[in-house]
Amino acid sequence: MLDFTEKQREYWNEAHHRWNIKTGATRSGKTFLDYYLLPKRIRACTGKGLIVLLGNTQSTLSRNILDPLRDIWSPSLVGNIASNNTVRLFGRKCYALGADRVSQVSKIQGSEIQYCYGDEVTTWNEEVFSMLKTRLSAPNSLFDGTCNPDAPKHWLKRFIDESPEKKVDLYCQRYTLYDNPKLSPDFVENLENELRGTVYYERFILGLWKAAEGIIYRQFADDPSAFLLPREKIPDDVHFATVGVDFGGNGSAHSFTLTGFSRGLRKLYALDERYLKKQITPNELEEEFIAFVRKASKRVPVFTAFCDSAETTLIRGLSAACVRSKIPIEIKNAEKGAVVNRVRFFQSMMAQRRFFVSESCPALIDALCSAVWKKSENVTERLDDGSTNIDSLDSLEYSAEPFMRDMIDLGGIQNAK
């Protein structure tokens, strides 16, 4: 056997139950073990039921699980997700789906599942998990799942806590950061310093289920001036920029954010914004976008805009408008991963002093100062009831999301796994 940690060897030897779940700290080795466990699980399947991999979204599942598997085992054994949501893994047909919305897993509804692997389970829609309970119906059906802790009354925590009383066949393992002896002392100390004072210290260091309370970006809100750039200034190290687009509706605003990235992705800068609270037509929206991109392109190379994927008609309109106006920018759907992951990324960038905002972005500055957690013991959510400006936060996050993983790795902190 590989040189696994004590915790990893324990899971390998003991996790033979119907439900097998690893919860706890980031970088504690929870997911690393699965790169070697998954081939064993998949090859043991007899064909009497589907093999399913579920993640927060299909793209996060690819990034967190399939890409590392492919690096270890080769593309001949680990394929790519096809248009029908299937992927060949170790000679078997598997389904790879996002679990953030019930509609994403409708294709397997009603099917028996022999094996299911779950990534980032706390970010799933609860109805997906409930559906999974009824589909793991074969005598040898089995589930492996990993997650970081969330709120103390999160639906997954309730499932774990109630399993003895309900006689659920569950094996659950909790990790702290200190369960991975392979981490360098410098890394551990830096991560402790960067997360101390936030709910993520207790979750991602100690592996505890803790509620989020109050202001989200406390460092920014306490001293915005420490993160501000002079109006219209482009830092010398900016190499390229992207635009994030959040579409308004039902009282919310349209928001464009221009985000610059330094060479080597060491820093990111919110350089400019357009915040449109008023009601406008699709044609007016396209004109505003073209004007925003033209202005931005005179200051910094802009190659891509990432737009709220919920508004496909408006996205097609922006794309057509760019073609008509001969604006050489690619229009793509935003990834829209879990909000808590996007929040954690910016908290980390602030802690490392790698994120700055131009004074040209007053709406975004206000949004960062006023963003708060929703008061809930059941799940960690950012308050989005119209009392604060979520639109500017969304457009900022969309603009940076494709680069978050690389920027976190460069800063010495892996994604919360």
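Up top is the structure.
These remarks concern the structure in this document.

What counts as what
Residues numbered from 1 in each chain as written. Predicted model: local features only at pLDDT ≥ 70, side-chain atom pairs only at ≥ 80, totals over all residues. Heavy atoms only, no water. Phe/Tyr/Trp six-rings, centres within 6.5 Å; stacked < 30°, edge-to-face > 60°. Helix = DSSP H or I, 4+ residues; strand = E, 2+ residues; numbered from the N terminus. Buried < 20%, exposed > 50% of the residue type's maximum accessible area, 1.4 Å probe, protein only. Contact = heavy atoms within 4.5 Å. Polar contact = N/O pair within 3.5 Å; in protein donor to acceptor, adjacent residues only side chain to side chain. Pairing = 2+ DSSP bridges. Right-handed = clockwise from strand over helix to strand, strands pointing away. Salt bridge = Lys/Arg side-chain N within 4 Å of Asp/Glu carboxyl O.

### Things to note about the packing of aromatic side chains
Consideration 1: In total, this model carries 25 aromatic pairs according to the counting rule given.
Consideration 2: Centre to centre, the rings of Trp 19 and Phe 143 are 5.1 Å apart; their planes meet at 55 degrees, and the pair counts as tilted. In this pair, Trp 19 is assigned in strand β1 (residues 19-24) and Phe 143 in strand β6 (residues 142-147), connecting sequence segments 124 residues apart.
Consideration 3: Since its relative accessible area comes to 3%, Trp 19 is described here as buried.
Consideration 4: An angle of 40 degrees between the planes, with centres 5.0 Å apart, marks the rings of Phe 129 and Trp 155 as tilted.

### A few points about the environment of Gln 347
Consideration 1: Within the secondary structure layout, Gln 347 lies in helix α11 (residues 339-351).
Consideration 2: With relative accessibility at 12%, the residue Gln 347 sits in the buried group.
Consideration 3: If we ignore the near neighbours within four places in the chain, the residues touching Gln 347 are Tyr 200, Ile 216, Tyr 217 and Gln 219.

### Concerning the environment of His 17
Consideration 1: With respect to the helices and strands, the residue His 17 is situated in the loop between α1 (6-14) and β1.
Consideration 2: Taking C-alpha positions, His 17 is 45 Å from Phe 220, a pair spaced 203 residues apart along the chain.
Consideration 3: Other than its neighbours up to four places away in sequence, His 17 contacts Leu 142, Asp 169, Leu 170 and Tyr 171.
Consideration 4: Looking at His 17, its side chain comes within polar contact range of the side chain of Asp 169, at 2.6 Å.

### Quick word on the pairing of strand β13 (residues 330-333)
Consideration 1: In this structure, strand β12 (residues 302-307) lies alongside β13, joined through 4 bridges in parallel fashion. Note that in β13 the partner of Phe 306 across the bridge is Lys 332.
Consideration 2: Chirality of the crossover, the property in question, places the unit of β12, helix α10 (residues 312-324) and β13 among those that are right-handed.

### Digging into the pattern of salt bridges
Consideration 1: Within the structure shown, the criterion is met by 21 salt bridges.
Consideration 2: With a closest N to O distance of 2.8 Å, Asp 161 and Lys 157 form a salt bridge. Here Lys 157 and Asp 161 lie together in helix α5 (residues 155-162), a separation of 4 residues that amounts to about one turn.
Consideration 3: Since its relative accessible area comes to 46%, Asp 161 is described here as partly exposed.
Consideration 4: Since its relative accessible area comes to 18%, Lys 157 is described here as buried.
Consideration 5: Between Lys 166 and Glu 162 there is a salt bridge whose closest N-O contact spans 3.1 Å.
Consideration 6: Through salt bridges that share partners, Glu 232, Asp 272, Lys 295 and Arg 299 make up one connected network.

So far we have only geometry, and geometry alone does not tell us how the molecule works.
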